[in-house]
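Here are the chains, one letter per residue:
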Amino acid sequence: GALRAAHELQTGEDAAATTLRLQAAAVERAFAHFLERRVGADVAGLIRAYEECARCGASCTDGDGCVVPHPAHLTRDRGVTMSPLRYESLYACAACGQRFAEVVEASDKTPRAEGCTTCYRGPHSTAPPPPRD
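In this text, all values refer to a predicted model and were calculated from it rather than measured experimentally.

**Student:** Quick one: what's the story with the overall build of the protein chain, residue by residue and with numbers?
**Tutor:** From N to C terminus, the protein chain includes three helices and six strands. The N-to-C order of helical and strand elements in the protein chain reads α-α-α-β-β-β-β-β-β. The buried share of the protein chain, reckoned over its 133 residues, is 20%. In the protein chain, the proportion of contacts linking residues at least 24 apart, taken out of those at least 6 apart, comes to 43%. When the accessible area of the protein chain is evaluated, it comes to approximately 9000 Å², of which 58% is carbon and sulfur surface.

In structure tokens form, the structure reads like this:
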């Protein structure tokens, strides 16, 4: 009971949704394995090149992996800090819990990011991501 409630609070999905997502991922892995056995790894790789990642929309064969920035609608403004030498806009991502900042130094006036700039970095997947992703 308590673990299930904590999981739902953290991920935004109930046990049934988690089960369906995990089953979809297992089916995806099984199909990829089946395809490689039937047509070979080279041809399976060509077929997989046409699949899109459910998180980022890029090709699943993209060598850099899946990189998703913090979603704007889940980015929370935490205020600003200012000094004569720098200006910081502070943010927090409600999806992943990471904090980050946009910093402008007085010397160059070019904004740059500090902290974690991505909400998700990992392998591509055609399985639907959890609801809060």
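**Student:** Before we move on, can you summarise the environment of Arg29 with the specific residues and values?
**Tutor:** Turning to its location among the elements, Arg29 is positioned in helix α2 (residues 15-39). Separated by 98 residues in sequence, Arg29 and Ala127 place their C-alpha atoms 9.8 Å apart.

**Student:** I'd like a rundown of the sheet that holds strand β2 (residues 75-82), residues and numbers included.
**Tutor:** If you trace the four strands from one edge of the open sheet to the other, you get β2-β3-β4-β5, paired in antiparallel fashion. Looking at which strands have only one partner, the edges of the open sheet turn out to be β2 and β5 (112-115). Each strand axis lies, on average, 25° off the axis of its neighbour in the sheet, ignoring direction. Direction of pairing for β2 relative to strand β3 (residues 86-93): antiparallel, over a ladder of seven bridges. What sits directly across from Gly79, in β3, is Leu90.

**Student:** If you had to explain the side chain of Ser89 to someone new, which residues and values would you point to?
**Tutor:** Counting through the fold element by element, Ser89 comes out in strand β3. A relative accessible area of 10% means that Ser89 is categorised as buried. With near-sequence residues (within four places) excluded, Ser89 lies in contact with Gly79, Val80, Phe100, Ala101 and Glu102.

**Student:** Please set out the environment of Glu105 residue by residue, giving values where relevant.
**Tutor:** Among the structural elements, Glu105 can be located in strand β4 (residues 99-105). For Glu105, a relative accessible area of 19% gives the class buried. Each C-alpha atom, one on Glu105 and one on Pro84, is 9.1 Å from the other, the two residues being 21 residues apart in sequence. Ignoring anything within four residues of it in the chain, the contact list for Glu105 reads Leu85, Arg86 and Arg112. In terms of polar contacts, Glu105 uses its side chain to reach the side chain of Arg112, at 3.0 Å.

Rules of the game
Residues numbered from 1 in each chain as written. Predicted model: local features only at pLDDT ≥ 70, side-chain atom pairs only at ≥ 80, totals over all residues. Heavy atoms only, no water. Helix = DSSP H or I, 4+ residues; strand = E, 2+ residues; numbered from the N terminus. Buried < 20%, exposed > 50% of the residue type's maximum accessible area, 1.4 Å probe, protein only. Contact = heavy atoms within 4.5 Å. Areas by Shrake-Rupley, 256 points an atom, 1.4 Å probe, with all protein chains shown as cover. Pairing = 2+ DSSP bridges. Axes fitted to C-alpha atoms, helices over the stretch in contact; angles between N-to-C directions. Polar contact = N/O pair within 3.5 Å; in protein donor to acceptor, adjacent residues only side chain to side chain.

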